[in-house]
Each structure stands twice: as C-alpha cells, then as structure tokens.
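# Observations on chain architecture
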Amino acid sequence: MRKDGTTLKDLMNRQTQSGEVVYISVRPKRRQPPEEISHVFADASHGLRGDHYGGGPDGKRQVTLINEEHIRAVASFVGEAVLAPGLLRRNIVVRGINLLSLKDKEFSIGEAVFRMTGLCHPCSRMEENLGEGGYNAMRGHGGITAAIIEGGWIRKGDSISLIMNEI
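Below you will find a few notes about this structure. Given the structure is predicted, the values throughout are model-derived calculations rather than measurements. (Residues numbered from 1 in each chain as written. Predicted model: local features only at pLDDT ≥ 70, side-chain atom pairs only at ≥ 80, totals over all residues. Heavy atoms only, no water.)

## Some words on the pairing of strand β3 (residues 39-43)
By the criterion of burial, β3 is predominantly enclosed, with four of the five residues buried. Alignment of β3 against strand β10 (residues 152-155), held across four bridges, turns out to be antiparallel. Looking at the pairing, histidine 39 lines up with arginine 155 of β10. As judged from the two bridges shared by β3 and strand β4 (residues 47-48), these two strands associate in the antiparallel manner. Bridging across to β4, alanine 42 finds its partner in leucine 48. (Buried < 20%, exposed > 50% of the residue type's maximum accessible area, 1.4 Å probe, protein only. Helix = DSSP H or I, 4+ residues; strand = E, 2+ residues; numbered from the N terminus. Pairing = 2+ DSSP bridges.)

Structure below.
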C-alpha cells in the first residue's frame, strides 16, 4: 500500500483513457484471409457473425483483439514500415488502451460486452505472413482473446472501455 492508501489493486483498475476500434475482420472459412468489414454483430452463443471460428465449446476464444501500437512494434521487428492488420489474423484492432490492462475484467466495445480470457499467442502462420522470424516478432505482442458476455453491434470508431473492476 502506498502512503496515500492506494493499493496495487487500485492501480490495476485505473485506465488512462478508453480506446477506439480501428479495424474489424472476419474469416468465413478456415485458412481463408481475413475480410475487413466496417461493422459486425457479436453473438454470445456463436462469436462474431460471419466468422468461421466461434471459440469452441467453452467460448473462451470467440474474439481476438490486438493493439495498433503493437502492430507498429511487430512491423519494426520484421523490418517493415507498416503491416496490414489482416496479416496478423486478429478480429479487432484497437488503439489508445492497453489490452493487457483488461486482465480479469469485463469491457465494452460498441454495444457488446466482453471478458478477457487470455493472451493471443502467435501461431506458425506468422512465419508465412511476416517472413522468417515472424513468429518471434509477434511474441509478447499478439493481443488477447475474449468471450462475448452480451451481444451487440461493433463498428469502426466505437470505443472500448472498462465497465467492471473485477469479475
């Protein structure tokens, strides 16, 4: 506890600001490239409408999210000025909020409510998409996975913000 009575838990529940959705994609079929879209319906029972992957039987990986700020870091690690978000195979790209700060929390994006379920580790496809070393470039920068708690529409430009301090 700090001198002012603030605990580590208090600090972990503070956000500097909300974030913003800058990219949305779905993949209608396995191993198909992502299709960028302007809006999507998040369905708590089936994942993102139009995406082939609904998160499996436990629904823990219905949606994948990554920070735009991390995409810039990965681009630097692979020697590129910029990377197309679709190469990283995440559903939603946000900027302005540290996604890792949402651990054990619920958050909203547009009309939908989510719970962070884990880290989104890179897969071997990163070598195909980013070139040799792509897998290692993504390590620590892959974003998060989330379950949909309450369905609703998500649009580019929507805010992403913490709505509950703890689960």
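## Structural notes on the packing of aromatic side chains
Working definition: an aromatic ring pair is given by the centre-to-centre distance plus the angle between the planes. Taken as a whole and judged by the stated rule, the model has two aromatic pairs. Geometrically, the ring pair formed by phenylalanine 41 and tryptophan 153 is edge-to-face, given 5.4 Å between the ring centres and 70° between the ring planes. Of the two residues, phenylalanine 41 is situated in strand β3 and tryptophan 153 in strand β10; the sequence distance between them amounts to 112 residues. Aromatic side chains phenylalanine 107 and phenylalanine 114 sit 5.6 Å apart centroid to centroid with 15° between the ring planes, which places their arrangement in the stacked category. A residue is classified by how much of its surface remains accessible, and phenylalanine 107, at 0% relative accessible area, is buried. (Phe/Tyr/Trp six-rings, centres within 6.5 Å; stacked < 30°, edge-to-face > 60°.)

## Some remarks on the side chain of aspartate 158
Locating aspartate 158 in the fold gives a position in the loop between β10 and β11 (159-162). Buried charged residue aspartate 158 carries no salt bridge. Nearest counter-charge: arginine 155, at 4.8 Å. Within the structure, aspartate 158 has its side chain in polar contact with the backbone nitrogen of arginine 155 (distance 2.7 Å). Beyond its immediate chain neighbours, meaning those up to four positions away, aspartate 158 contacts Gly19, Glu20, Val21, Gly110 and Trp153. (Lys, Arg positive; Asp, Glu negative; His and termini not counted. Salt bridge = Lys/Arg side-chain N within 4 Å of Asp/Glu carboxyl O. Polar contact = N/O pair within 3.5 Å; in protein donor to acceptor, adjacent residues only side chain to side chain. Contact = heavy atoms within 4.5 Å.)

## Re the nonpolar core
Looking at soluble globular proteins, one finds that nonpolar side chains tend to be buried together. Among the nonpolar cores identified, the biggest contains 23 residues, and Leu65, Ile92, Phe107, Ile109, Phe114, Ile154 and Ile160 are the most heavily contacted of them. When contributions to this core are tallied by element, the ones reaching two or more residues are β1 (19-26), β3, β5 (63-67), β6 (92-95), β7 (106-109), β8 (112-119) and β9 (144-150). Sequence-distant contacts of isoleucine 109, that is, excluding residues within four places in its chain, are made with Val21, Leu65, Ile92, Phe114, Trp153, Ile154, Ser159 and Ile160. Grouped together as the second largest cluster of nonpolar side chains are 13 residues, Val74, Leu83, Leu88 and Ala137 included. (Core = buried A, V, L, I, M, F, W, Y, C linked by side-chain atoms within 4.5 Å.)

## Considerations on the state of the cysteines
Within this structure, the stated rule accounts for zero disulfides. Of all cysteine sulfurs, the one in cysteine 123 lies closest to cysteine 120, which takes part in no disulfide; the gap is 8.2 Å. Classification of cysteine 123 as partly exposed rests on a relative accessible area of 27%. (Disulfide = S-S within 2.5 Å.)

## Describing the environment of serine 159
Note that serine 159 resides in strand β11. Its relative accessible area of 37% is what places serine 159 among the partly exposed residues. The spacing of serine 159 and serine 18 is 141 residues in sequence and 6.4 Å in space, taken between C-alpha atoms.

## Thoughts on the pattern of salt bridges
Going through the model one piece at a time under the given rule, you end up with seven salt bridges. In this structure, glutamate 68 engages arginine 95 in a salt bridge whose closest nitrogen and oxygen atoms are separated by 3.4 Å. On the criterion of sequence distance, the pair formed by glutamate 68 in helix α2 (residues 68-77) and arginine 95 in strand β6 is long-range, its members being 27 residues apart. The salt bridge partner of arginine 125 is glutamate 128, with a shortest N-O separation of 3.4 Å. On the criterion of helical spacing, the pair formed by arginine 125 and glutamate 128 is a turn pair, its members being three residues apart in helix α3 (residues 125-130). Residue class for arginine 125 comes out buried when judged on its relative accessible area of 14%. Bridged by salt links that share partners, the residues Glu20, Glu68, Arg72 and Arg95 form one connected network.

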